[in-house]
Amino acid sequence: MQPMRQPLALAVLVSLVVGSVGGAQQRPIDWNALSTETVNVLSEYIKVNTIDPPGNELQAARFLKRILDKEGIESRILDTAELKPAGRANFYARLKGNGSKKAIALVHHMDVVPASPEFWSSDPLSGQIKDGYIWGRGTIDMKGEGIVQLMTMIAIKRSGMPLTRDIVFIGNADEELNSTGAFVFVDKHADLLKDVEFLMTEGGGNQVENGKLLYYGVGVAEKRTFWQRLSVKGTPSHGSRPTKLNPVPRLVAALDKIAKYETPLHVTPGVDKYFRDISRGYPAEQRGWLADVKKGLENPKGRAWILNDVYWNAILRNTISLTGLQGSNKTNVIPAEATAALDIRLLPDTDPQEFLRTLQRIVGDTAVHFTGLLEPKPPLENPIDTDLFRAIERASRERDPNALVTTPMLTAATDRPTYRRLGIITYGFDPFKVEASDIQTGMHGNNERLSVANVGFGLKYTYDVLRYIQ
Ligand SMILES: [Zn+2]
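Residues numbered from 1 in each chain as written. Predicted model: local features only at pLDDT ≥ 70, side-chain atom pairs only at ≥ 80, totals over all residues. Heavy atoms only, no water.

Peer 1: Could you give an account of the overall build of the chain, naming the residues involved and the relevant values?
Peer 2: Helix and strand counts for the chain stand at 16 helices and 21 strands. Projected onto the principal axes, the alpha-carbon positions of the chain cover approximately 85 × 55 × 45 Å. By the burial criterion, 53% of the 470 residues in the chain qualify as buried. Summarising the internal contacts of the chain: among those between residues at least 6 apart in sequence, 79% fall at separations of at least 24. Total accessible area on the chain stands at roughly 20,800 Å², and carbon and sulfur atoms take up 53% of it. In the chain, the 57 positive side-chain charges and the 54 negative ones have mean positions that sit 1 Å from each other. (Helix = DSSP H or I, 4+ residues; strand = E, 2+ residues; numbered from the N terminus. Buried < 20%, exposed > 50% of the residue type's maximum accessible area, 1.4 Å probe, protein only. Contact = heavy atoms within 4.5 Å. Areas by Shrake-Rupley, 256 points an atom, 1.4 Å probe, with all protein chains shown as cover. Lys, Arg positive; Asp, Glu negative; His and termini not counted. Charge placed at Lys NZ, Arg CZ, Asp CG, Glu CD.)

Laid out in structure tokens, this is it:
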């Protein structure tokens, strides 16, 4: 283990600043000690096996409850009966403020995706602390953020910092698979959330490459997953006698039309801001295209250059990836059915049913059946002009005075839309500066790890955001 080192002068300065907020008597926070404690708590949390399926988040909820009980912070284990299979749970805690402003919720999911130990250098559930990193499944996605949220709330309680807003802490089950944890929580416990104005969880996306921070990313919007299964029924027969009742060519013809369909380009407000923000890092011609991306897309050269980036392309339009395809499992048999799977991701302001009708029109064949594979989540686009955004901006600029604080759209899905349904402003907030290569390798991959330095960084960063929004 490597304890965090921090110049003494800085520690004293931080303590003085903290002590002056609100004029109330506060105990200073020993950031070195808090960071070491947090690293150890995270290491233990990684050892709690919440690989989903089956999840077993009840163990994680008990782990969190034991910690909060010791601190005198009230918490509850919820939804053990509603969540299936047995052994699942949601978790809820609240640190009371004076109630003069509305509450802010810190949310993480307690489950993690499976890991293949044979590709790891150490056991994925070891929580090993080695070479300046905490290793294990969930360190990045997202037990690391969850424990930083927890320990920041605890530090605030211990320090006696006066709060105008309650701090709500939530752990959800099953984000990685079916999101049932957040669905059940919002359905059953809207009363616990009725005074919550803001919510922070995963889906920010600070961009760090080769040790250099490109921007702090605040997730205000995300794409909507709208997976479809396409199927055509036929009559099974022998492959030696071709027939028009073979469903495979018919499905292939439909897929060919879909593959050739270019979805229209559309710029949402957060994406518009994102391109404007990042434009300043580019040479003049490209800067011109990005600074006003709607105009830039009208320029053929600009359009080709922008859409060549797979991420930029994905945040500027509805996307369709053909990912699954099945006909016969025998070469000499014409199958009774041919099926395909489409991973469709919609912009937040696209109406799913209207998009489906467009696809059906393009295919133009009523023998091709579309079946939705998921209930689409509510659309997620949040306002940017808020106290929370300004608090994040301020805390970020204090750390990196020239840094951009921008709003990249998430192309993947989180639990945020589920909470947004209640009118809560839900931001993706990333408390760490994790190298892009570590995210690429570790998140849902192998040798997932979070640096000890990032834990220390994340604690103070989260603490400052919470302080500035009081
Ligand atoms: Zn996650």
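Peer 1: Can you break down the pattern of salt bridges residue by residue, with the values?
Peer 2: Opposite charge on two side chains permits them to pair, given that their charged atoms come into close proximity. Under the defined criterion, the tally for this structure stands at 35 salt bridges. Salt-bridge contacts for Arg-94 lead to Asp-195; the nearest nitrogen and oxygen are separated by 2.8 Å. With Arg-94 in strand β2 (residues 90–95) and Asp-195 in the loop between α5 (180–188) and β7 (196–201), this residue pair connects regions lying 101 residues apart in the sequence. Since its relative accessible area comes to 14%, Arg-94 is described here as buried. Exposure remark for Asp-195: the relative accessible area of 27% places this residue in the partly exposed category. Through salt bridges with shared partners, one network takes in Asp-52, Glu-57, Arg-88 and Asp-174. (Salt bridge = Lys/Arg side-chain N within 4 Å of Asp/Glu carboxyl O.)

Peer 1: Now, about the packing of aromatic side chains: what can you tell me, with residues and values included?
Peer 2: Tallied over the full model, the rule gives 18 aromatic pairs. Ring geometry for Phe-91 against Phe-169: centres 6.2 Å apart, planes inclined by 75°, an arrangement best described as edge-to-face. Here Phe-169 lies in strand β6 (residues 167–172) and Phe-91 lies in strand β2, a separation of 78 residues in the sequence. Since its relative accessible area comes to 0%, Phe-169 is described here as buried. Between Tyr-274 and Tyr-311 the ring centres are 6.1 Å apart and the planes differ by 85°, which places this aromatic pair in the edge-to-face class. Here Tyr-274, found in helix α7 (residues 269–278), pairs with Tyr-311, found in helix α11 (residues 310–315); they are 37 residues apart in sequence, far enough to count as distant. By relative accessible area, Tyr-274 is classed as buried at 3%. When its relative accessible area of 24% is taken as the criterion, Tyr-311 is described as partly exposed. Feature note: the residues Tyr-215, Tyr-274, Phe-275, Tyr-282, Trp-289, Trp-305, Tyr-311 and Trp-312 constitute an aromatic cluster, connected by ring pairs. Just above the ring of Trp-135 sits the side chain of Lys-130; from NZ or CZ to the centre is 6.0 Å. In this structure, Arg-399 is placed above the aromatic ring of Phe-457, and the distance from its NZ or CZ to the ring centre is 5.8 Å. (Phe/Tyr/Trp six-rings, centres within 6.5 Å; stacked < 30°, edge-to-face > 60°. Lys NZ or Arg CZ within 6 Å of the ring centre and 35° of its normal.)

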